[in-house]
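Results of the structural survey
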Amino acid sequence: MKKHELRKLIKENITDWLSERNIPEADSGDMAYTEKAPKIKMEDQIGEMYYVTKPSKNSTMEELVGKGDVFEFATLGLTKEEVHGIYKSEGKAKTVANKLIKERDIQLKETYKKGQDKLKQMEASIDEIKGQIEGKMSEATQNPDMREALTSESNSLMEKLSMLEMQMEKLRMALEAEGMRFEKKSSKKDKKEDEKEEKEDDKK
C-alpha cells in the first residue's frame, strides 16, 4: 500500500472514532477540543456576605449595610478602617448597623450638649470682656495720665473680644444646624410611630 493511501486510511479511521464519541475533529492540534471542553465551575463555600461600615454623622442604617461575594468585595475598595464587621446573615448585619446608629446618635447628642454649654461659657466671657473694656475706657477718661496705657489695654481686649465673637458665631451656626438635624430625625421618627399606630388601629 502506498504511503498516501495509508495516511488517508488512518485519517478516516480517526474521524470515524471521533464521530462515534461525539468529539469534534480538530482543525489544528487540540484547539477544537479545548474550546469545547466543559468549564469547571469554581467551588464557593462562602457565598454572599453582608458588611457593615462605620457610620458617619449623616449615615442611615440602610447606607451602612451592603452585600456581595468575595470578588465583589474586592472591587469595593473598602478598608479595615471603614468596615465595622462582616456577617453571613442580613438580619445580623442590620441589627449591628442599627446599634451603631443609636450609639452614634447618643454620642452626637452628648457633643451637642457640650457645645451648648461651651456657647454659654463664651457668652459669659464676652460679657466679662465688654465690662473690662468699658472700665478701662472710663478709667482713661478720669485719668488722662494713664490714658495711653489704658487705651492700649482696651485695644488688646477688643481684639480678644472680636476673636471670641467670631468663634462663638461659628459654634452657634454649627449648633443650629445640628439642632435642625435632630428635629428632622425626631419628626421622621414620630411620623413612623403614627403610621404604625394607624395600622394597628386598622387591624382592630
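Residues numbered from 1 in each chain as written. Predicted model: local features only at pLDDT ≥ 70, side-chain atom pairs only at ≥ 80, totals over all residues. Heavy atoms only, no water.

**Focus on the overall build of the protein chain**
Looking only at helices and strands, one finds six helices and three strands in the protein chain. Mapped in sequence order, the helices and strands of the protein chain form the string α-α-β-α-β-α-β-α-α. Each of the 204 residues in the protein chain was classed as buried or not, and the buried ones make up 21%. Across the protein chain, the fraction of contacts at a sequence separation of at least 24, relative to all contacts at a separation of at least 6, is 68%. Of the roughly 16,900 Å² of accessible surface on the protein chain, 53% is carried by carbon and sulfur atoms. (Helix = DSSP H or I, 4+ residues; strand = E, 2+ residues; numbered from the N terminus. Buried < 20%, exposed > 50% of the residue type's maximum accessible area, 1.4 Å probe, protein only. Contact = heavy atoms within 4.5 Å. Areas by Shrake-Rupley, 256 points an atom, 1.4 Å probe, with all protein chains shown as cover.)

**What to know about the environment of Ile 133**
Among the secondary structure elements, Ile 133 is positioned in helix H5 (residues 90-142). Given the relative accessible area of 12%, Ile 133 is considered buried. In sequence terms Ile 133 and Ser 154 are 21 residues apart; their C-alpha atoms lie 5.3 Å from each other. Residues in contact with Ile 133, not counting those within four places in the same chain, are Ser 154, Leu 157, Met 158 and Leu 161.

**Focus: the environment of Leu 78**
Locating Leu 78 in the fold gives a position in the loop between helix H4 (70-76) and strand E3 (83-87). For Leu 78, a relative accessible area of 35% gives the class partly exposed. Placed 25 residues apart in sequence, Leu 78 and Thr 53 show a C-alpha to C-alpha distance of 8.7 Å. Those residues within four positions of Leu 78 in sequence are excluded, and the remaining contacts are Tyr 51, Thr 53 and Val 83.

**Thoughts on the confidence of the model for the protein chain**
Per-residue confidence for the protein chain gives a mean pLDDT of 78, with 68% of residues at or over 70. Ranking the elements of the protein chain by mean pLDDT puts helix H2 (residues 31-36) last, at 51, and H5 first, at 92. (pLDDT = per-residue confidence, 0-100.)

**Section: the sheet that holds E3**
Pairing within the open sheet is antiparallel, and its three strands lie in the order E2-E1-E3. The outermost strands of the open sheet, each flanked by one partner alone, are strand E2 (65-68) and E3. Here the strands of the sheet are splayed against their neighbours by 25° on average, with no regard to which way each runs. For strand E1 (residues 49-53) and E3, the ladder comprises four bridges, and the chain directions are antiparallel. (Pairing = 2+ DSSP bridges. Axes fitted to C-alpha atoms, helices over the stretch in contact; angles between N-to-C directions.)

**A look at the pattern of salt bridges**
As enumerated under the stated definition, the model contains seven salt bridges in all. The partner of Asp 105 in a salt bridge is Arg 104, with the nearest N and O atoms 2.9 Å apart. Each member of the pair Asp 105 and Arg 104 is classed as buried. For Glu 169, the salt bridge is made with Arg 172, and the minimal N-O distance between the two is 3.8 Å. (Salt bridge = Lys/Arg side-chain N within 4 Å of Asp/Glu carboxyl O.)

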